[in-house]
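These are the residues of each chain, in order.
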Amino acid sequence: MVDPIPFSALETPVPLVDLDRLAANLDRAADYARLHGLSLRPHVKTHKAPCVATEQIQRGAVGLTCATPFEAEVMAAVSGDLLVAYPPVGAPRARRLAALPGHVSLTVALDSARAIDDLHAAARAAGRSVGVLVELDLGMHRVGAQTADDAVALARAVIARPPLAWRGIAFYPGHIRENISSQDAAIAALGAALGSALDAFRRAGLDPDVVSGGSTPTLWRTHEIRGVTEFRPGTYVYNDWTTVNVGACAWTDCALTVLATVVSTAVPGQAVIDAGSKALGREPLRGADGRGFGALLEHPEVAVASMSEEHGILDLSRSSWRPEVGDLVRVVPNHACIVTHLHDLVYGVRDYNVETSWPVVARGRGQQALV
Ligand SMILES: Cc1ncc(COP(=O)(O)O)c(C=O)c1O
């Protein structure tokens, strides 16, 4: 905690996190998990910061989900229970995972014999047990075994390869992007697909301890998917315009914004800010209101309509607000996780004051340069 300073003391563009909104978002998901007896294992890709992960664990998260070896290395400092929800393919990646500190209970999700081979070789060389979740494709069509029989065969292959230990199954419902009020059919289809996969596992004499799924758009409906034991939302900590659009949060739940300065109003009908694609990311907005790359927190009718690398063009056509050169604005991004990944430091704010800051420690890949 530093003496509060005004936003005007910061060099822009820079990400701000509203500390009260962050706390409320963390509380809401933790309360939901408790209410429904679900284990919350948040995905750290959204914040990549050990201090936020610590807040999640203090509120009851059973462990953390990571995508990259570097995220896992960084988060090993604050959690002894990590799931890497990404195929451990390739000896360098598998070796790096197996080299995580010994106090970490490590579980990895995979969907191929090759991944089992690579993880097995690395785990045996490192002399450590590694848990495995077999990934199932339940509709996203990104990764995951295509049939329950294929998934059962992978589980059997894991069981035959100690020090790997089969723990259960994983899936990611990233294909469910409709508004939460229109998700009934998709949630029912997901539940049916999961149910028949679980039946196949039980018929094969295999009972998964862990059934891991979950995303932010489906967060509040996780309890409706029978069989799920843990869920892995990531975006919920900060939320973003996409999450507002799918109805999984309110505009006032968006904790992450990019503070930017109006640098030009020379061209009529628009204003230019110093946050372009290198500050906001060029992520299209999914859903009904797809009209730009972010919108202003205090003027949601004003979108970042187009961008260069260091310029964001505000479309003023729907607004009576007319900014002046030098004004500060806060942009709610389309995708919070991309903004995190683009910045070294985040400032924690309350009202119009900056109270703290933290580094985005797990940003990048953490690879060593050749010497
Ligand atoms: C495997 C996996 N699990 C969980 C999540 C978190 O989902 P969300 O970003 O909707 O919070 C993601 C997001 O990309 C993911 O890829």
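1. Points about unusual backbone geometry
Here's step 1: For the peptide bond that leads from threonine 12 to proline 13, omega is 0°, which places it in the cis range.
Here's step 2: Relative to the elements of secondary structure, proline 13 occurs in the loop between β1 (5-6) and β2 (14-18).
Here's step 3: Cis geometry is adopted by the peptide bond preceding proline 163, which originates at proline 162 and carries an omega value of 15°.
Here's step 4: Note that proline 163 resides in the loop between α6 (148-159) and β8 (164-170).
Here's step 5: Positive phi outside glycine occurs at lysine 48, with the angle close to 50°.
Here's step 6: Topologically, lysine 48 is positioned in the loop between β3 (39-40) and α2 (50-58).
Here's step 7: Of note, asparagine 239 is a non-glycine position whose phi angle comes to about 60°, a positive value.

2. Side note on the sheet that holds strand β10 (residues 230-231)
Here's step 1: Spatially, the eight strands line up as an open sheet ordered β3-β10-β9-β8-β7-β6-β5-β4, and their pairing is parallel. What marks the edges here is a single partner per strand, and that holds for β3 and β4 (64-66).
Here's step 2: Where β4 lies against strand β5 (residues 81-84), three bridges are found, and the strand directions are parallel. Paired with cysteine 66 across the strands is valine 84, a residue of β5.

3. Quick word on the site of the ligand
Here's step 1: For the ligand, the full set of nearby residues is His43, Thr65, Ala85, Tyr172, Ser215, Thr216, Pro217, Arg232, Pro233, Gly234, Thr235 and Tyr236.
Here's step 2: Across the shell around the ligand, the residue classes break down as five nonpolar, six polar and one charged.

4. Concerning helix α7 (residues 184-203)
Here's step 1: End to end, α7 covers 28 Å across 20 residues, agreeing with the expected 28 Å (1.5 Å per residue, within 8%).
Here's step 2: Among the residues of α7, Leu190, Leu194, Ala197, Leu198 and Phe201 are the ones counted as buried. The arc that holds every buried residue of α7, seen down its axis, measures 100°, which confines them to one face. Within α7, the exposed residues directed more than 90 degrees away from the buried face are Asp184, Ala185, Ala188, Ser196, Asp199 and Arg203.
Here's step 3: Close packing links the buried residues of α7 with α6 and β8.
Here's step 4: Taken from the residues just after α7, glycine 205 is the one with a positive phi, measuring 80°.

5. Topic: the packing of α6 against α7
A pair of packed helices is captured by two measures, namely the crossing angle of their axes and the spacing between those axes.
Here's step 1: Two elements in contact, α6 and α7, have axes whose closest approach is 9 Å; the angle formed by their N-to-C orientations is 45°. One element, α6, and the other, α7, form an angle in the oblique class. Crossing angle aside, the handedness with which α6 passes α7 is right-handed. Contacts between α6 and α7 involve Ala148, Asp149, Ala151 and Val152 on the former and, on the latter, Ser196, Ala197, Ala200 and Phe201.

6. Quick word on the domain arrangement of the chain
Here's step 1: Entries for the chain in the domain assignment read domain 1 (19-238) and domain 2 (251-359).
Here's step 2: Using C-alpha coordinates to define each centre, domain 1 is positioned 32 Å away from domain 2.
Here's step 3: Taken together, the contacts link 15 residues of domain 1 with 13 residues of domain 2.
Here's step 4: Take the side of domain 1 that touches domain 2: its biggest share by element is five residues, from helix α1 (residues 19-36).
Here's step 5: When the residues that make up the side of domain 1 that touches domain 2 are grouped by side-chain class, the tally is five nonpolar, five polar and five charged.

7. Topic: the packing of helix α4 (residues 91-98) against helix α5 (residues 113-126)
Here's step 1: Following both chains from N to C, one finds α4 and α5 inclined at 40°, their axes separated by 8 Å at the closest point. On the basis of the axis angle, α4 is oblique to α5. In this structure, α4 meets α5 at a crossing whose hand is right-handed. Side by side, α4 and α5 meet where Ala91, Ala94, Arg95, Leu97 and Ala98 of the first sit next to Asp118, Leu119, Ala121, Ala122, Ala123, Ala125 and Ala126 of the second.
Here's step 2: Counted by class, the contact of α4 with α5 contains ten nonpolar, no polar and two charged residues.

Cut-off values and rules
- Residues numbered from 1 in each chain as written.
- Predicted model: local features only at pLDDT ≥ 70, side-chain atom pairs only at ≥ 80, totals over all residues.
- Helix = DSSP H or I, 4+ residues; strand = E, 2+ residues; numbered from the N terminus.
- Pairing = 2+ DSSP bridges.
- Near = placed C-beta within 6 Å.
- Nonpolar A, V, L, I, M, F, W, Y, C, P; charged D, E, K, R; others polar.
- Expected span 1.5 Å × (residues − 1).
- Buried ≥ 20, exposed ≤ 12 C-beta atoms within 10 Å, placed from the backbone.
- Arc of directions from axis to C-beta.
- Contact = placed C-beta atoms within 7 Å.
- Axes fitted to C-alpha atoms, helices over the stretch in contact; angles between N-to-C directions.
- Parallel < 35°, antiparallel > 145°, perpendicular 65-115°, else oblique.
- Left-handed = near helix turned anticlockwise from the far one by under 90°.
- Domains from an automatic or database assignment.

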